[in-house]
Amino acid sequence: MPSLYLVRHASPDWNRKDIPYHLPPGPPLTEQGLAEAHALGQFLRLANVQQLWTSPLERCQHTAEIAAGITGASMQVDQQLREWQPQESKEALRDRTLPVVDKAWQWLAQQNGAGGTIALVTHGGPIMTLLSALGIDDRTMESLRIYDHRNPVPPAGVWELNRQSLGGSWEMRLVFTPEAIVA
């Protein structure tokens, strides 16, 4: 069975205080972010990603557009992958994003490996919440929060998710980090 990938958007302009970070469009990618998105696209091409499901925020969509241009993957916006909202609880975030993982995994199971794989392009908060919901305990999660803004994945980083069956436990590992890229 192919893998499912959780992808964090590439580096946005965190200095833009005139644009709300959690609402569309959100801040755009920086030059560093553009370089990260290109490297991500190369990784996803080698991983045979054929579909990119993305958050509606510009930093995710632009990351996905660049990757889709390299991979030839189709791209669709999924509102459920949007940024963690200020008044949203961790449980509500989990309940919003987990069905997207389930839907993607069911699609992959139906394809039986014939349709490539799927990458979900989202944000650090949703990725952290999904990893916890899928089986990473709190202590391990705390040790993984080493990237900017205490995320468990760097900008344009990728977590790979696998399981043997629809109801089986998840195997998860960080498989791509573009840390060496300098724009």
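What you are looking at is a predicted structure, and each value in this text was computed from that prediction instead of being measured. (Residues numbered from 1 in each chain as written. Predicted model: local features only at pLDDT ≥ 70, side-chain atom pairs only at ≥ 80, totals over all residues. Heavy atoms only, no water.)

Glancing now at the pairing of strand β2 (residues 49-54). Counting buried positions along β2 gives 5 out of 6 residues, so the element sits mostly inside the fold. Where β2 and strand β4 (residues 117-122) come together, 5 bridges link them in parallel fashion. Bridging from a neighbouring strand, Leu52 pairs with Ala119 of β4. With 4 bridges joining them, β2 and strand β3 (residues 74-77) adopt parallel strand pairing. Pairing of Gln51 across the sheet is with Ser74, part of β3. Handedness of the crossover joining β2 and β3 through helix α2 (residues 58-71): right-handed. (Buried < 20%, exposed > 50% of the residue type's maximum accessible area, 1.4 Å probe, protein only. Helix = DSSP H or I, 4+ residues; strand = E, 2+ residues; numbered from the N terminus. Pairing = 2+ DSSP bridges. Right-handed = clockwise from strand over helix to strand, strands pointing away.)

What follows concerns the packing of aromatic side chains. Enumeration over the complete set of coordinates arrives at 3 aromatic pairs. Plain terms: the ring middles of Tyr5 and Phe43 are 5.9 Å apart, the flat faces sit at 85 degrees to each other, and that makes the pair edge-to-face. With Tyr5 in strand β1 (residues 4-8) and Phe43 in helix α1 (residues 31-46), the pair connects residues that are 38 residues apart, well separated along the chain. Ring centres 5.0 Å apart and planes at 20 degrees place the aromatic pair Phe43 and Phe176 in the stacked group. Of this pair, Phe43 sits in helix α1 while Phe176 sits in strand β6 (residues 171-176), placing them 133 residues apart in sequence. (Phe/Tyr/Trp six-rings, centres within 6.5 Å; stacked < 30°, edge-to-face > 60°.)

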